[in-house]
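# Per-entry structural report
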Amino acid sequence: MKKFAWILGISTLVIFLIFFWWKFYFVFGEGVKAGSLNYFVKKGVIFKTYEGRVVQEGFQSPTAGGLQSNEFRFSVESEEVASQLERASGKFVELRYKEFNGMLPWRGTSNFVVTEVLTIQDAGKTDGSALPYDQ
């Protein structure tokens, strides 16, 4: 009976560890999102994490007939990436991210974790060449 209890206990622990790894550390998806950086903040009570939101072009609708802006909410772990984004508020950014199955409090409040900033450009700035000439 003792041997059965040990085997059951170790099996349960291994299954729990595999589930924990799959839920919180398995990279479910990777990609790039682009849009205007709406805000980027460091916040939290116990774990201070970097959180941000990019507003993408176009609209999405969870229900038929409704309109809602297309937002990408994300977290950042790296201090280097965070310092780049802190100076890019209101600008057009392209971000490389990883998607996890679950979030951890010390990693942020989102399943999406930005790992790299690809580009930062001024949003909405033109040289005036697109304006009609009516003089």
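Further up the page is the structure itself.
Report on the accompanying structure.

### Quick look at helix H2 (residues 79–86)
When we look at burial in H2, the residues that qualify are Val-81, Ala-82 and Leu-85. Looking down the long axis of H2, one finds its buried residues gathered within 100° of arc, a one-sided arrangement. For H2, the exposed residues lying more than 90 degrees away from the buried face are Glu-79 and Glu-80. Between the side-chain oxygen of the N-cap and the backbone nitrogen of Glu-80 there are 3.2 Å, and the N-cap of H2 in question is Ser-78.

### Regarding the nonpolar core
Counting residues in hydrophobic clusters, the biggest one holds 16 residues, and the most contacted among them are Leu-37, Phe-40, Phe-74, Val-76, Leu-85, Leu-95 and Val-114. If you list the elements that add at least two residues to this core, you get strand E1 (27–43), strand E2 (49–60), strand E3 (68–76), H2, strand E4 (92–100) and strand E5 (112–121). Excluding residues that lie within four positions of it along the chain, Phe-74 makes contacts with Leu-37, Phe-40, Tyr-50, Glu-51, Gly-52, Arg-53, Val-54, Leu-85, Leu-95, Ser-110, Phe-112 and Val-114.

### Overview of the packing of aromatic side chains
Per the stated rule, a full pass over the model turns up 12 aromatic pairs. Ring pairing ties together the aromatic residues Phe-40, Tyr-50, Phe-72, Phe-74, Tyr-97 and Phe-112, which thus form one cluster. Sitting over the face of the ring of Phe-100, Arg-107 holds its NZ or CZ atom 3.9 Å from the ring centroid.

The rules we used
All residue numbers refer to position in the chain's written sequence, counted from 1. Totals for whole chains, interfaces and linings use every residue, but because this is a predicted model, local features are given only for residues with pLDDT of at least 70 and side-chain atom pairs only at 80 or more, for both listing and counting. The basis for every side-chain value is the complete set of non-hydrogen atoms in the structure, without hydrogens or water. Burial classes follow relative accessibility: with a 1.4 Å probe on protein chains only, a residue under 20% of its type's maximum area counts as buried, one over 50% as exposed, and anything between as partly exposed. In DSSP terms, a helix is any run of H or I states spanning at least four residues, a strand is any run of E spanning at least two, and both are numbered starting from the N terminus. The arc under discussion is defined with respect to the helix axis, by the directions toward the C-beta atoms. A 3.5 Å cut-off defines polar contacts: any pair of N or O atoms within that distance qualifies, except that in protein one atom must be a possible hydrogen donor and the other a possible acceptor, and neighbouring residues in sequence count only when both atoms are side-chain atoms. To define a nonpolar core, start from buried Ala, Val, Leu, Ile, Met, Phe, Trp, Tyr and Cys residues and group those joined through side-chain atoms within 4.5 Å. By the convention used here, residues are in contact when the closest approach between their heavy atoms is within 4.5 Å. By convention, a stacked pair of Phe, Tyr or Trp rings (six-membered ring in the case of Trp) has centres within 6.5 Å and planes under 30 degrees apart, an edge-to-face pair has planes over 60 apart, and any other such pair is tilted. The rule is short: NZ of Lys or CZ of Arg within 6 Å of the ring centre and within 35 degrees of the ring normal puts a charge over the ring.

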